[in-house]
Amino acid sequence: MKLIYFWVTSSKAWGNYLAYHQNFFIDHNGFLMGFIGALIFGVICAVVFYLGFCNSKTSSKYATLSVWMVFLVIGAVIAYFYADYVVIGEPKAKNNESVFRTYSFYKANDTYYNEMTQKKDIDSMTLNSYRKNLADLKANLDKGSGDVRLEFDLTTAILAAISYFVASMIVKRFTISGKVIPLEKP
């Protein structure tokens, strides 16, 4: 998954808080959650477009490239907000059972911080480093800058658009009037 999300792992902010980023995106499968969400949203949008708008025997007025592009954008936007609010999470969500907190970056890293600072052999300098890094990371995330939030969200949106295109190539064969959208072949 690190290869697919290369934009995230190559950013400067990734290295600044490496332990926290690796904890969430790799150990807690944050990349995988974003990737699977992108696939699901892309496929759902393609199926809705082709089976909903391109399968009418009486009219094909919505079976156009412009409507196809609208669904592409819808899938990408939904994936962007899914990555931002569900995977990264909402900082003000205090209920640990909330969808905006349960599997979020915030909760995973709060748990990581607690695990690392509860070790018996931790010195005060390391403890202060963990505390400062977590506070800085949360402050940057809350501002929406200085961290990997934007790169992760945009990469997930792009993956949704790619999955929409691939699903379109597969699903269009089973429609009445959508066989040539977006391309005549394959």
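Described in the following lines is the structure provided in the data block. From a predicted model like this one, the values you see are computed outputs, not experimental measurements.

### Let's talk about the overall build of the protein chain
So, point 1. Each helix and strand counted, the protein chain has eight helices and zero strands in total.
So, point 2. Counting helices and strands in the order they occur from the N terminus, the protein chain gives α-α-α-α-α-α-α-α.
So, point 3. For 186 residues, the compact-globule estimate of 2.2 N^0.38 gives 16 Å, and the C-alpha radius of gyration of the protein chain, at 21 Å, exceeds that figure by more than 25%.
So, point 4. By principal-axis analysis of the C-alpha atoms, the protein chain measures approximately 75 × 30 × 25 Å.
So, point 5. Relative to its full complement of 186 residues, the protein chain shows a buried share of 40%.
So, point 6. Once local pairs closer than 6 in sequence are excluded, the contacts in the protein chain between residues at least 24 apart make up 68%.
So, point 7. For the protein chain, the exposed surface amounts to about 10,400 Å²; the carbon and sulfur share of it is 65%.
So, point 8. Taken together, the 19 basic and 14 acidic charged side chains of the protein chain have centroids lying 9 Å from each other.

### Digging into the environment of Thr-111
So, point 1. By secondary structure assignment, the location of Thr-111 is in helix α6 (residues 105–117).
So, point 2. The class for Thr-111 is partly exposed, based on a relative accessible area of 34%.
So, point 3. The spacing of Thr-111 and Asn-23 is 88 residues in sequence and 9.9 Å in space, taken between C-alpha atoms.

### Brief notes about the state of the cysteines
So, point 1. Per the stated rule, a full pass over the model turns up zero disulfides.
So, point 2. No disulfide involves Cys-45; its sulfur sits 13 Å from that of Cys-54, the nearest cysteine.
So, point 3. Taking relative accessible area as the criterion, Cys-45 reaches 8% and is therefore assigned buried.
So, point 4. For Cys-54, a relative accessible area of 0% gives the class buried.

### A word on the packing of helix α4 (residues 30–53) against helix α8 (residues 149–171)
So, point 1. Put simply, α4 and α8 touch, their axes get as near as 7 Å, and they point 40 degrees apart. Here α4 lies oblique to α8, going by the angle between them. Like other packed secondary-structure pairs, α4 and α8 cross with a definite hand, here right-handed.
So, point 2. Across the contact of α4 with α8, the residue classes tally to 16 nonpolar, six polar and no charged.

### What about unusual backbone geometry?
So, point 1. Of note, the amide linkage connecting Ile-181 to Pro-182 takes the cis form, showing an omega dihedral of -5 degrees.
So, point 2. With respect to the helices and strands, Pro-182 occurs in the segment after α8.
So, point 3. Even without glycine at this site, Asn-29 takes up a positive phi of about 60 degrees.
So, point 4. Structurally, the position occupied by Asn-29 is in the loop between α3 (18–27) and α4.

Calculation rules
Residues numbered from 1 in each chain as written. Predicted model: local features only at pLDDT ≥ 70, side-chain atom pairs only at ≥ 80, totals over all residues. Heavy atoms only, no water. Helix = DSSP H or I, 4+ residues; strand = E, 2+ residues; numbered from the N terminus. Rg over C-alpha atoms; globule rule 2.2 N^0.38 Å. Buried < 20%, exposed > 50% of the residue type's maximum accessible area, 1.4 Å probe, protein only. Contact = heavy atoms within 4.5 Å. Areas by Shrake-Rupley, 256 points an atom, 1.4 Å probe, with all protein chains shown as cover. Lys, Arg positive; Asp, Glu negative; His and termini not counted. Charge placed at Lys NZ, Arg CZ, Asp CG, Glu CD. Disulfide = S-S within 2.5 Å. Axes fitted to C-alpha atoms, helices over the stretch in contact; angles between N-to-C directions. Parallel < 35°, antiparallel > 145°, perpendicular 65-115°, else oblique. Left-handed = near helix turned anticlockwise from the far one by under 90°. Nonpolar A, V, L, I, M, F, W, Y, C, P; charged D, E, K, R; others polar.

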